[in-house]
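The chain contents come next:
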Amino acid sequence: MAELTLKQVRKSFGALEVIKGVDLEVASGEFVVFVGPSGCGKSTLLRIIAGLEDTTSGALTIGGKDVTYAEPSERGIAMVFQSYALYPHMTVAENIGFGLSLARRPKAEIAAKVAATAETLQLTQLLERKPKALSGGQRQRVAIGRAIIRDPKVFLFDEPLSNLDASLRAQMRLEISDLHARLKSTMIYVTHDQVEAMTMADKIVVLNGGVVEQIGSPMELYRNPATPFVAGFIGSPKMNLYGGETARRLNCTTYGIRPEHIRLSEGAGQWQGRIRHLERLGADAILYLEVPELGEMVVRAEGETPFAPGMTVWANPVEGAEHRF
Amino acid sequence: MRNVRPYVTGAIALAVAAIIFVMPFVFVALQAVKSKSEASRLDFELPEHWLFWDNLVAVFKARDYQLALAYFNSTLITVVSVTILILLSAMVGYVMQRRKTVWNRVASIALFMGLMMPPAVVPTIGLLQDIGLFKTMTGMILIQVAYNLSFSILLYRSFISTIPRDLDEAALIDGAKPRQIFFRVVLPLLKPVTVTNVVVQSIAIFNDFTNPLYYLPGKENVTVQLTLYNFQSMYTSQYNLLFMNILLVTIPPLIVFIFFNRQIVAGMTAGGVKG
Amino acid sequence: MTETRRRSRKSPYPLWFFIPAAIIYGVLFLFPTISSLWFSLTRWDLSTAEFIGLENFQQFFSEPFLVKGLVNTLIYAVTTSGLKTVCGLMLAVLLTSNIFARGFLRTLVFFPVLVSTIGIGITFTVMMHPTKGIINVTLKTLGIPGPGWLTNPALALFSVALVDVWKGVGLATLIFIAGLAAISPDYYEAARIDGATRLQQFSRITLPLVRPATVIVVTLSLIGGLRSFDLIWAMTRGGPGFSSDVIASVIYKQYQAGFYGLSTAGNVILFALIAAIILPFTLWFNRREVGE
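Model, not experiment: these values are computed from the prediction. (Residues numbered from 1 in each chain as written. Chains lettered and ligands numbered in written order. Predicted model: local features only at pLDDT ≥ 70, side-chain atom pairs only at ≥ 80, totals over all residues.)

Novice: I'd like to hear about the overall build of chain B, residue by residue, with values.
Specialist: Within chain B, the regular secondary structure consists of 12 helices and zero strands. From first element to last, N terminus to C terminus, chain B shows the α and β order α-α-α-α-α-α-α-α-α-α-α-α. A compact globule built from 275 residues would reach a C-alpha radius of gyration of about 19 Å, whereas chain B, at 23 Å, exceeds it by more than 25%. With the C-alpha coordinates of chain B rotated into their principal frame, the extents come out at 70 × 70 × 35 Å. Out of the 275 residues belonging to chain B, those deemed buried represent 49%. Across chain B, contacts joining residues at least 24 apart in sequence account for 75% of those joining residues at least 6 apart. (Helix = DSSP H or I, 4+ residues; strand = E, 2+ residues; numbered from the N terminus. Rg over C-alpha atoms; globule rule 2.2 N^0.38 Å. Buried ≥ 20, exposed ≤ 12 C-beta atoms within 10 Å, placed from the backbone. Contact = placed C-beta atoms within 7 Å.)

As structure tokens, then:
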């Protein structure tokens, strides 16, 4: 396993700069998630690490070796594509063993390694099938198998769960996390889903418009978001963010308070609002308040909350949970 | 009444189509199995004796087995030129579709010229003479490749867009060199369009008369179409042999058509749609 | 700026893949065809070339038998193209409707496309023999005097054109079938509800929506018709006399006679003809598409 560093990496497509100077250090064995909205550059960054795109400037090292100009196959990486990119005309066994066959390894060696890899992913029964005869989850495992057999220094995942349905996604999330625990390899994982980011990452890199907004552990990002963007991106439902007059009165440019950090009371409080809408989710309830000086405020309360739409309530922020940017 | 209509129209259509489209072939087949005197009547009477094999052998034997030689030549030209054509055009179509380069514009214009401009025969003959390829099989093969490249490349270029680039990248990460990506990942996935291309080009090259007429004159290198044309003057009175010859020349495409019907239709439509 | 210190990473799509095809295509097609422009302005015998300016072209437009070839080419191309388009569409409509043995009929109609042109030419020449040919014999039994299909100078070209259409209509039909299949049946149903007759449905829905296929058929058959050689050569060799000569047969005849410059001029004229007809046509079509 290996550590990975990015130094001032920039990438432009023609006149358009999509990666604007990224610095990053990934320790050996870490599970790092690149997260951000569409177009933020996370996939581009991953592809730069993979060697599928060149840097416009900046350096990249893997395991201490400078690989900025190295071919993808020379970097010690392996990648799981969003579409899995399995070779349709080859069997599962041939797909997994393709890299070895290109390197002209002896057939016996290839067969043995493929069998071993298949074993760890429960693919042994499927070795002679072609990709079109596999389910989504099975194809994903084959894609992972093809990556594992390369014994890479760094694993790269490009939104691997986007093409799966919700229930399968939860299951595959666990499988990938288990994989990480077992192999203890360095993994870089790209997703736009903050739930995947929060649950799987050792470290999250939040990207926005080609710039790193913040790097930190999931809980760090949750507790201490560095910018309003990060604050609004991490956590569901989204943090309430207010700018303008309100913020100025509270001595900051943007004021933020999470829905789960607001307590409601019928008596007194900091803000008064009317409950416009209420969603009961069973364990929780989400209330949408109209607060005159702030606008809309989302509050998360107990599932059995006694409040109802139309009522006027008072809202109070929890001590120490306010964010001022 | 409603239900009968399709059958009635169909039956009429069948009858008319049979007369128009089938009759000429029946005519050919009939004369081909008749004796010389019967055939000279050029009618639809059934032959007294079915001289299929006799006529067939006679035609093959004519002029020192010229037809056999012609068959060999035509087949050789077809097989070799189609093979080269497939390989070269797949390579070009692949890079044209995948790579952003100014050469693509140049290539597109060049290809378009190939589809529209009639080849200038006399300068080509002069050129072939200078290179020493005039009246040679090699020259003929290369000419067939050159003249059919445009269509073939366009066919591949449009089909390759259906193969996702992900596969190229996965192969790259697996350590494939560019030529390995093409031969081991992309080319196998081009099989459907390759089959269509092979079938369509083979028929076209096998049936080609004009190009061998110009570039391959002479007895040693006759092709099937040239032989048939020459037979016309030879067998002014032996219609039965003439038609047997026609029959023999028609058979290969017929066989190909029977086996590859779907691919031919797909290929012609694709070519037509792409213009 | 950073180019100097970076080893340029190669694209995985090698440019050298172009080279083999480029060499064959460039040397054997592009080069001679472009140099024909020069040679058409010369009198040459393959070893020496004497520049004579536009003399070859003047000859083409003054000598009656050459002019005839020019005119015939246009007549032939327009006739075959027109017939193939109209018949092809009609056949396609018939063969996409719900008739019995539809698939078999499609195969029947298409088969001539695949057969040797020379074979077809010889067959029809025999069938069109003025006295012994099966066509005239049949007409005689019906009491109709059969014309000299290939012996009458006024008819020869048209006779060949008919055979050309017979052979080629299958391809037009095929293309039209594909074009018709692309028209959603919803349109016809809506029209039926609106009370349109079958004829109205055809003229208001089918014809406009099948236009892409029509353009392809017309373009392909025009180019093919202008360049046509095999069938004419097999059936009439440009005769009787030169009444059925076309540019392609003129090119060959001049070549055989050793007038290489003149022959090459024919090539240039043919190319100019194709360009002059096809380019405006495609431009006109594209503009109409956009205008709609």
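Novice: Account for the confidence of the model for chain B, naming residues and giving values.
Specialist: Atomic detail in the predicted coordinates should be set aside for any region of low pLDDT. The predicted model of chain B averages 85 in pLDDT, with 94% of residues at 70 or higher. Among the prediction metrics, the complex's ipTM stands at 0.85, with pTM recorded as 0.82. (pLDDT = per-residue confidence, 0-100.)

Novice: A description of the sheet that holds strand β1 (residues 4–13) of chain A should follow, citing residues and the corresponding values.
Specialist: Residue and element names in this part refer to chain A. The four strands lie next to each other as β2-β1-β4-β5, forming an open sheet whose pairing is antiparallel. Only two strands of the sheet have a single partner each, and these edge strands are β2 (16–26) and β5 (65–66). Across five bridges, the pairing between β1 and strand β4 (residues 57–62) is antiparallel. From the neighbouring strand, Arg10 faces β4, where its bridge partner is Ser57. In the packing of helix α1 (residues 42–50) onto the sheet, the strands contacted are β1, β2 and β4, and the crossing angle to β2 comes to about 65°. (Pairing = 2+ DSSP bridges. Axes fitted to C-alpha atoms, helices over the stretch in contact; angles between N-to-C directions.)

Novice: Can you tell me about unusual backbone geometry, naming the residues and giving the values?
Specialist: Residues and elements named next belong to chain A. The omega torsion of the bond from Ser236 to Pro237 falls at 0°, within 30 degrees of zero and hence cis. Examined against the element boundaries, Pro237 turns out to sit in the loop between α8 (228–233) and β11 (240–242). For Tyr84, which is not glycine, the phi torsion reads 75° and is therefore positive. You can see Tyr84 is positioned in the loop between β6 (77–80) and α2 (92–102). Taking the number of C-beta atoms within 10 Å as the measure of exposure, Tyr84 has 22 and is therefore buried. Positive phi is not limited to glycine here, since Asp151 has a value of about 50°. The topology assignment puts Asp151 in the loop between α4 (136–148) and β7 (154–158). Residue Asp151 is classed as exposed on the basis of its C-beta count, with 12 C-beta atoms lying within 10 Å.

Novice: Can you lay out the nonpolar core for me, pointing to particular residues and giving the numbers?
Specialist: A general feature of soluble globular proteins is that nonpolar side chains tend to end up buried together. Formed by 236 residues in total, the largest nonpolar core has its most connected members in Val33, Leu156 and Ile188 of chain A together with Val92 of chain B. For this core, the two domains that each supply at least three residues are domain 1 (4–232) and domain 2 (257–324) of chain A. In contact with Val92 of chain B, other than residues within four places in its own chain, are Ala107 and Ile153 of chain B together with Phe17, Phe18 and Ala21 of chain C. (Core = buried A, V, L, I, M, F, W, Y, C linked by C-beta atoms within 7 Å. Domains from an automatic or database assignment.)

Novice: Hey, could you go over the pairing of strand β8 (residues 186–191) of chain A for me, with residue numbers and the actual values?
Specialist: Residues and elements named next belong to chain A. Counted residue by residue, β8 has six buried out of six residues, so it is predominantly covered. A two-sided burial pattern is seen for β8, the buried positions comprising Thr186, Ile188 and Val190 on one face and Met187, Tyr189 and Thr191 on the other. Inspection of the sheet shows strand β3 (residues 31–35) paired to β8 by five bridges, in the parallel sense. Considered in β8, the bridge of Val35 is made with Thr191. Alignment of β7 against β8, held across five bridges, turns out to be parallel. Bridging across to β8, Phe155 finds its partner in Met187. Between β7 and its parallel partner β8, the chain crosses via helix α5 (residues 166–183), and the hand of that crossover is right-handed. (Right-handed = clockwise from strand over helix to strand, strands pointing away.)

Novice: I'd like a description of the interface of chain B and chain C, backed by residues and values.
Specialist: Accessible area lost upon the coming together of the parts is a frequently used measure of interface size. Across the contact, 71 residues belong to chain B and 66 residues belong to chain C. Per-element tally for the side of chain B that touches chain C: the top contributor is helix α1 (residues 4–32) of chain B, with 13 residues. By residue class, the composition of the side of chain B that touches chain C is 51 nonpolar, 16 polar and four charged. (Nonpolar A, V, L, I, M, F, W, Y, C, P; charged D, E, K, R; others polar.)

Novice: Give a detailed account of the sheet that holds strand β12 (residues 255–257) of chain A, specifying residues and quantitative values.
Specialist: Residue and element names in this part refer to chain A. The strand order across the open sheet formed by three strands is β11-β12-β18, and the pairing between neighbours is antiparallel. Among the strands making up the open sheet, the edge pair consists of β11 and β18 (323–324). As judged from the three bridges shared by β11 and β12, these two strands associate in the antiparallel manner. Bridge pairing in β12 links Leu241 to Gly256.

Novice: Describe the UniProt feature "transmembrane region" (unreviewed entry) in chain B, naming the residues involved and giving the relevant values.
Specialist: Annotation from UniProt places "transmembrane region" (unreviewed entry) at residues 12–33, 70–94, 106–128, 140–160, 181–206 and 239–260 of chain B. Annotated as 83% helix and 0% strand, the span residues 106–128 of chain B places its first and last C-alpha atoms 25 Å apart. (UniProt positions renumbered as here; feature names shortened; annotations may be inferred.)

Novice: Quick one: what's the story with the packing of α2 of chain A against α4 of chain A, residue by residue and with numbers?
Specialist: All names here are of chain A. Between α2 and α4, the shortest axis-to-axis distance is 8 Å and the interhelical angle comes to 30°. In terms of orientation, α2 and α4 fall into the roughly parallel class. Crossing angle aside, the handedness with which α2 passes α4 is right-handed. Each of Val92, Asn95 and Ile96 in α2 lies in contact with α4, whose residues at this interface are Val142, Gly145 and Arg146. Residue classes in the contact of α2 with α4 are distributed as three nonpolar, two polar and one charged. (Parallel < 35°, antiparallel > 145°, perpendicular 65-115°, else oblique. Left-handed = near helix turned anticlockwise from the far one by under 90°.)

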